[in-house]
Amino acid sequence: MISFRNKKVDIDLSNKCTLECPMCARQELKKLNKKVPGGDMSIEDFEKVCDYYGSDEEGISLCGPISDPIFNPNFIEILKVAYRKNKKVYISTAATSKKKDLYWYEKAFDANPNATWIFGLDGLPDKSWVYRINQDSDLIFDAMKLCVNKGLDTVWQYLVFGYNENDIDDAKKVADKNNINLVITHTSRYWSDLYRPTKEIVKKTIKEEMKVFKPKCLSGDRPAYISATGQVLPCCWVDKPTEDLLSTDKVLSKLNIKELNINNIKNIEEIYEHKVYIKFYNDLKNQSKDCSSFCRSKCSTTTTNIKERYGKLSRKS
C-alpha cells in the first residue's frame, strides 16, 4: 500500500468565494447554470487531516480551485487546530468581505503564528481588482502589511497581465519597503487579448515536455487533494466540476464513492487502505493499461507557470 502520511495536501476548505475571476471554474459553472459543489469542512474532519497529512516540510495547503478558505465559518478554529497539532499550514487568499475587516485578520493571524499567508494581489492595489473582480484590494494590501508586522511568513502573489506588467518594478520597491516576499507569476489566465502581456519575458512559451509517464501524485510533485464535497482525491486536477471527470471517466469515477469521503471515515488510513485506492495507485506505479487516460495525459505533457521570487520571508527572528 502506498502511504501519503505526513505528505502535503491541498484542501478546498469551503465552496464559497466573493470574487468573480474570469478564468475561475466558478465562472464556468455559472455559465453552465450549475451550482458550485460542496460545503464547509468541519473541525472534526480537519482534525482527521492533521492526524494524517502534513509535516514541518510538507504542510497543509488551504488553496482550493473553487473557494477562498477564509469563508469557512470554522476558519479561525481550524488554524488553531493546525497550530496545536504542530502542522505547517499555508493559506492562499484573495477574496474579501465587508464582514472581515483588519480586526478579523488580526484574530486569524494570532490564531496560528506559524502559518504562511499567500495573498493574491495582482499588481498594486489600484489595479488588482481588474482580474480579481469584487476584490477590496486596499484591504488585502493592508492585511498583508499587518501579517508582516505580526511576524508571520507573508507572500505577495502577483499574476502578470497586460494591465499590470509595467508596475512590477514599483511592486518590488513596495515589497522591499514592507519586507514582503514578492512572487511574480507568469500565468496563462488570459480571458481576452486585451489583458495579454506584451513584454518578451511574459510572452515566452512555458512548456515542459515529459518523455515518460510520471504520475505526479506518486513523485510528490502534486499533493493529494480534498474537495469541497469532502472527497479524498489523488490531486486537484481530477476534480474538474466543469468536465465532471468523477462521473464520466471510467477509472476516476471509481474514486467518487462514499467510502472515500472524509465525512464517512474515522481516519484517513481507511481511505488509502480501501481496495479501490490500492488498485488505483498500483496501476499508476506499474503503468498498467488500466490507468486513467486523463492521468496519463496530464502527467506526460504539462504546462507549468514560471515564477520569479524577490525578497525574503518576513518571519522575525
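That block above? That's the structure.
A quick note: this is a predicted structure, and the numbers were derived from the prediction, not measured.

Parameters at a glance
- Residues numbered from 1 in each chain as written.
- Predicted model: local features only at pLDDT ≥ 70, side-chain atom pairs only at ≥ 80, totals over all residues.
- Heavy atoms only, no water.
- Axes fitted to C-alpha atoms, helices over the stretch in contact; angles between N-to-C directions.
- Helix = DSSP H or I, 4+ residues; strand = E, 2+ residues; numbered from the N terminus.
- Parallel < 35°, antiparallel > 145°, perpendicular 65-115°, else oblique.
- Left-handed = near helix turned anticlockwise from the far one by under 90°.
- Contact = heavy atoms within 4.5 Å.
- Nonpolar A, V, L, I, M, F, W, Y, C, P; charged D, E, K, R; others polar.
- Salt bridge = Lys/Arg side-chain N within 4 Å of Asp/Glu carboxyl O.
- Buried < 20%, exposed > 50% of the residue type's maximum accessible area, 1.4 Å probe, protein only.

Some words on the packing of helix 3 (residues 75-84) against helix 4 (residues 102-111)
- The geometry of helix 3 relative to helix 4 is characterised by a closest axis approach of 8 Å and an angle of 20° between their N-to-C directions. Between helix 3 and helix 4, the angle is such that the two are roughly parallel. Note on packing geometry: the crossing formed by helix 3 with helix 4 is right-handed. Seen from helix 3, the contacting residues are Phe75, Ile76, Leu79, Lys80 and Tyr83; seen from helix 4, they are Trp104, Lys107, Ala108 and Ala111.
- A breakdown of the residues in the contact of helix 3 with helix 4 according to their chemical character gives seven nonpolar, no polar and two charged.

A look at the pattern of salt bridges
- Scanning the model with the defined rule gives 17 salt bridges in all.
- Asp40 serves as the salt-bridge partner of Lys16, at 2.6 Å between the closest nitrogen and oxygen. Residue Lys16 is located in the loop between strand 1 (9-11) and helix 1 (25-31), and its partner Asp40 is located in the loop between helix 1 and helix 2 (43-52); the two are separated by 24 residues in the primary sequence.
- Since its relative accessible area comes to 33%, Lys16 is described here as partly exposed.
- Given the relative accessible area of 32%, Asp40 is considered partly exposed.
- Across the salt bridge formed by Asp142 and Lys145, the nearest N and O atoms sit 3.9 Å from each other. On the criterion of helical spacing, the pair formed by Asp142 and Lys145 is a turn pair, its members being three residues apart in helix 5 (residues 137-149).

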